[in-house]
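Observations on the three-dimensional arrangement
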Amino acid sequence: MFDPADPAFLANPYPAFAVLRALGPVHAHPGLGTPVAVSHAACSAVLRHRGLGRLWADAEPAAEFGAFNLLHRNSLLEREGESHHRLRGLVAGAFNRGHTARLEPAVRALADRLVADLAADARAGRPADLVGSVAAVLPVEVIAELLAVPEPARSALREWSNTIVRMYEPHLDAPRRAAAERASAEFVDALRGLADLRRRRPGDDLVSDLVAGGLDADELVGTAALLLMAGHEATVNAVGNGVLALLRHPAQWERLRADPALTPTAVEELLRFDPPLQLFERTALEDTDVAGHPVPAGTRIAALLGAAAHDPEAFDRPDEFDVGRTRNPHLGFGAGVHYCLGAPLARLEVAAVLDALRAHLPGMVLAAEPERLPTFVMRGLRTLPLGAG
Ligand code: HEM
């Protein structure tokens, strides 16, 4: 079994996952308090199983987490059945109204500018941190653009998101939980204001489309919060983890540099090789089982996506990093009814960063060891210092 707080495990969890996979597809995990699916097939089954659902349980004591609970209770990610179907249909309908295509030039221009500035710093021998200057900036700017969030809320988005998502980690201390509630309350206020504004003066942004689509005020706030948090943290970490993989595999970076046509397969491989989201949970809606492991009604089971990503039953040479990998059925964006709605936007953002690095920092090297975030579910880096090579 692994200890999610152990720095040695966090540095490279994949050998520990291989040990678990060898024991069988599903195990009891006393540390996590739930059984955990570790093979690709079992993780996929957990995500697709109609007898397992995301059942939101309010953070307790509920009186102290009013805003945090409101955001999540009204998020489509936390709903199941008819209620999920209706809200997802409305959000997907608004999302598919060309917002990713509308944003593409802005995403590419922003990635290009951020990476060009980073490259100038690296060439001048100044500190050049890919995470702080590019990965953490681009996704939140893109969400701000998608939702057309005005100042001053725009500048506060990143801090709100960072503070709120800490609640997803196990065993969080009381001050951080209180900070997550405060950030949720500020976010709810700002979003209610934005929704009112768009109701009165619609624009070509997603919030206007959602208001027109018939979401009520709480659903709108919950959806905007979900887009911010789902769309932000995972993308930051996908870029950080992905570029680190390229730096640790210079021959693969060389290959990708020489052949821009490999960008789409490289994006998928970055997401598979070191996924930014390592674990999701489901609750049994009825007595059921996964790969023969009983999951009684009301109990939870986790899908360890990081373990699924290196399963030799699903991937040839799973521990090899191959930017040209063609058969790559990774579960990085989930599977089943909750499959990531933002996958096209996320792919665009990661591809835009790779293309900008190819243009501005083709000789990139690690300037110092990266610092890792101490979190396990959201796997990522705090810093990724680059040199120009
Ligand atoms: C590399 C970046 C991203 C990764 C790895 C990722 C991954 C995921 C995963 C694994 C799920 C399913 C969770 C589950 O089954 O419990 C999910 C759901 C979702 N994601 Fe993403 N995501 C990313 C970026 C984005 C972006 C940019 C957006 C939007 C702007 C977004 C919006 C959503 C939404 C709305 C859902 C909920 C769908 C539903 O419940 O029906 N994601 N994402």
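Described in the following lines is the structure provided in the data block. (Residues numbered from 1 in each chain as written. Predicted model: local features only at pLDDT ≥ 70, side-chain atom pairs only at ≥ 80, totals over all residues.)

A look at the pairing of strand β7 (residues 300-304)
The line we're drawing: Neighbour counting defines burial: a residue surrounded by 20 or more other C-beta atoms within 10 Å of its own C-beta is buried, one with 12 or fewer is exposed, and intermediate counts give partly exposed, using backbone-placed C-beta atoms. A run of H or I in DSSP becomes a helix once it reaches four residues, and a run of E becomes a strand once it reaches two; helices and strands are each numbered from the N terminus. For two strands to be treated as a pair, DSSP must find at least two bridges joining them.
Taking burial as the measure, the five residues of β7 include four buried ones, the bulk of the element. In this structure, strand β2 (residues 34-37) lies alongside β7, joined through two bridges in parallel fashion. Note that in β7 the partner of Val 36 across the bridge is Ala 302. Of the strand pairs in this sheet, strand β4 (residues 279-284) and β7 are connected by five bridges, and their pairing is antiparallel. Bridge assignment links Thr 283 to a residue of β7, and that residue is Arg 300.

Points about unusual backbone geometry
Following Glu 60, the chain continues into Pro 61 via a peptide bond in cis, with omega recorded as -5 degrees. One can find Pro 61 in the loop between β3 (52-53) and α4 (66-73). Across the junction of Glu 151 and Pro 152, the peptide omega takes the value 5 degrees, indicating a cis bond. Here Pro 152 shows up in the loop between α8 (138-147) and α9 (153-165). Positive phi, close to 50 degrees, is recorded for Ala 291, a residue that is not glycine. Within the secondary structure, Ala 291 sits in the loop between β5 (288-290) and β6 (293-295). Ala 291 gets classed as partly exposed once you count the C-beta atoms within 10 Å, which come to 16.

Some points on the environment of Phe 17
Note the following rule: Here the contact rule is simple: place C-beta atoms from the backbone, and any two residues whose C-beta atoms are within 7 Å are in contact.
Mapped onto the elements of the fold, Phe 17 is located in helix α2 (residues 14-23). Judged by C-beta crowding, with 21 C-beta atoms within 10 Å, Phe 17 ranks as buried. Linking Phe 17 and Leu 157, residues 140 residues apart in sequence, is a C-alpha distance of 34 Å. Leaving out residues up to four positions away in the same chain, Phe 17 has contacts with Val 38, Leu 304, Gly 306, Ala 307 and His 310.

Some details on the environment of Leu 256
Along the polypeptide, Leu 256 turns up in helix α13 (residues 250-258). Beyond its immediate stretch of four places on either side in the chain, Leu 256 contacts Leu 262, Ala 266, Val 323 and Leu 354.

Section: the environment of Arg 257
Along the chain, the position of Arg 257 falls in helix α13. Using a count of 19 C-beta atoms within 10 Å as the deciding quantity, one classes Arg 257 as partly exposed. Each C-alpha atom of the pair Arg 257 and Ala 185 lies 45 Å from the other, and the pair is 72 residues apart in sequence. Once you skip the residues sitting within four places of it in the chain, Arg 257 turns out to touch Arg 358 and Pro 362.

A look at the packing of α8 against helix α12 (residues 217-248)
Rule in force here: A fitted line through C-alpha atoms represents every axis, and for helices the fit uses only the stretch in contact; the resulting angles, taken between N-to-C directions, go from 0 to 180 degrees. Any angle from 65 to 115 degrees is called roughly perpendicular, while one under 35 is roughly parallel, one over 145 is roughly antiparallel, and all others are oblique. Two helices that cross are described as forming a left-handed crossing if the nearer one is turned anticlockwise from the farther one by less than a right angle, and a right-handed crossing if clockwise. In this classification, the charged set is Asp, Glu, Lys and Arg, the nonpolar set is Ala, Val, Leu, Ile, Met, Phe, Trp, Tyr, Cys and Pro, and all remaining amino acids, among them Gly, are polar.
For the pair α8 and α12, the least separation of the axes is 8 Å and the interaxial angle reads 155 degrees. The angle between the axes of α8 and α12 places the two elements in the roughly antiparallel class. The crossing of α8 and α12 is right-handed. From α8, Pro 139, Val 140, Ile 143, Leu 146 and Leu 147 reach across to α12, where they touch Ala 224, Leu 227, Leu 228, Gly 231, His 232, Thr 235 and Val 236. Of the residues that constitute the contact of α8 with α12, the class distribution is nine nonpolar, three polar and no charged.

Section: the site of the ligand
Rules: By definition, a residue lies near a molecule or strand when the C-beta atom built from its backbone is within 6 Å of it.
For the ligand, the set of nearby residues contains 25 residues, the closest of which are Gly 231, Gly 334, Cys 340, Gly 342 and Ala 346. At the level of elements, α12 and α16 (343-360) are the ones that each hand at least two residues to the shell around the ligand. Counting residues per element, the shell around the ligand draws most heavily on α12, which supplies seven residues. The residue inventory of the shell around the ligand, partitioned by class, reads 17 nonpolar, six polar and two charged.

A short note on the packing of helix α10 (residues 174-200) against helix α11 (residues 206-213)
Contact geometry of α10 with α11 gives a least axis separation of 9 Å together with a crossing angle of 75 degrees. As judged from the angle between their axes, α10 and α11 are roughly perpendicular. Residues Leu 194, Ala 195, Arg 198 and Arg 199 of α10 form the contact with α11, whose own contacting residues are Val 207, Ser 208 and Val 211. A class-by-class count of the residues in the contact of α10 with α11 yields four nonpolar, one polar and two charged.

Let's talk about α4
Buried within α4 are the following residues: Ala 67, Phe 68, Asn 69, Leu 71 and His 72. Its buried side turned inward, α4 meets α9, α10 and α12.

Some details on the pairing of β2
Sheet analysis places strand β1 (residues 26-29) next to β2, joined by four bridges and oriented antiparallel. By the bridge assignment, His 27 is partnered in β2 with Val 36. Following β1, the chain reverses through four residues before pairing antiparallel with β2; Gly 33 in that reversal takes a positive phi of roughly 80 degrees.

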